[in-house]
Each structure stands twice: as structure tokens, then as C-alpha cells.
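Given next are the chains, with one letter for each unit.
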Amino acid sequence: MLGALSNVFDQISVHPQLVIVVPALMILGNALKRTPKVQDWMIIWILLGAGIIASIFTLGFSVSSIANGFIAAGAAITTHQAYKQSLVERNNDEQNKNA
């Protein structure tokens, strides 16, 4: 069992196409955030689905392409959260401290 699982993970490599997919997902996430009918909890799932679909479309259907979709969505979400926590929330904390 462990050997079979190891063989699956050996097939997964991060594809250079993620350089294009990650910013596209970030733009999609920003657009979804501004859409009134889309709730915040849905954005992550939409980005995950879009990342997987984009990866399958560019790389073909395989375990590696699905994994690359997860990686792209995770990178887009993590980058957005890092920006938000480092700059936006930091500025809010400083403003609240000075008030």
C-alpha cells in the first residue's frame, strides 16, 4: 500500500504553467470578492475548482494535473492572505494603536 502511494507522489511535479495560473486565480478571487452574491466561504472552493480545471485543460487529465490545480489554488490563496495580513491588517493595527 505504501509503495503504491509513493509511486503516485513520485508522478507529481510542479509544472511551470503555474506561473500563469496563480495570478489568474488571484484576479478571479478578487473579482469574486467584489461580487455581492458570492459569499466569502465559496471563493476558496471556486478557486480550487477553477485551478483544477485550468490545470487539467493545460496539462491533460492526470493525478499530476489535479495536484497542480490544488497547488495553484493554494498559492493564490496563500499569497492573497500574506498580502492582506502583512499590509492591510498591519496598517489597521497601527491605526488602532495610534487612536
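The numbers attached to residues start from 1 for each chain and follow its sequence in the written order. Since the coordinates come from a predicted model, pLDDT governs what is reported: local features require at least 70, and pairs of side-chain atoms require 80 or more to be given and counted, while whole-chain, interface and lining totals use all residues. Note: side-chain values were computed over all heavy atoms of the structure, leaving out hydrogens and water.

Digging into the confidence of the model for the protein chain
Mean pLDDT over the protein chain stands at 84; residues scoring 70 or higher make up 84%. When the elements of the protein chain are averaged for pLDDT, helix H1 (residues 2-10) gives the smallest value, 61, and helix H3 (residues 40-59) the largest, 94. Here pLDDT means the predictor's own confidence in every residue, given as a number from 0 to 100. Labels follow the DSSP assignment, with helices taken as runs of H or I lasting at least four residues and strands as runs of E lasting at least two, numbered in each case from the N terminus.

What about the environment of Gln-17?
Counting through the fold element by element, Gln-17 comes out in the loop between H1 and helix H2 (18-33). Spatially, the C-alpha atom of Gln-17 lies 8.1 Å from that of Ser-55, the residues being 38 residues apart in sequence.

Comments concerning H3
Any helix carries an expected span of 1.5 Å times its number of residues minus one. Over its 20 residues, H3 runs 29 Å from end to end, which matches the ideal 28 Å to within 8%, given 1.5 Å per residue. Of the residues making up H3, those classed as buried are Ile-43, Leu-47, Leu-48, Gly-51, Ile-52 and Ser-55. Angular distribution of buried residues about the axis of H3 spans 160 degrees; they occupy a single face of the element. Of the exposed residues in H3, the ones pointing more than 90 degrees away from its buried face are Trp-45, Ile-53 and Phe-57. Positioned one or two residues after H3, Gly-60 has a phi angle of 90 degrees, which is positive. Exposed residues in this analysis have more than 50% of their type's maximum accessible area, buried residues have under 20%, and partly exposed residues fall in between, with area computed by a 1.4 Å probe over protein chains only. The arc refers to the directions leading from the helix axis to the C-beta atoms.

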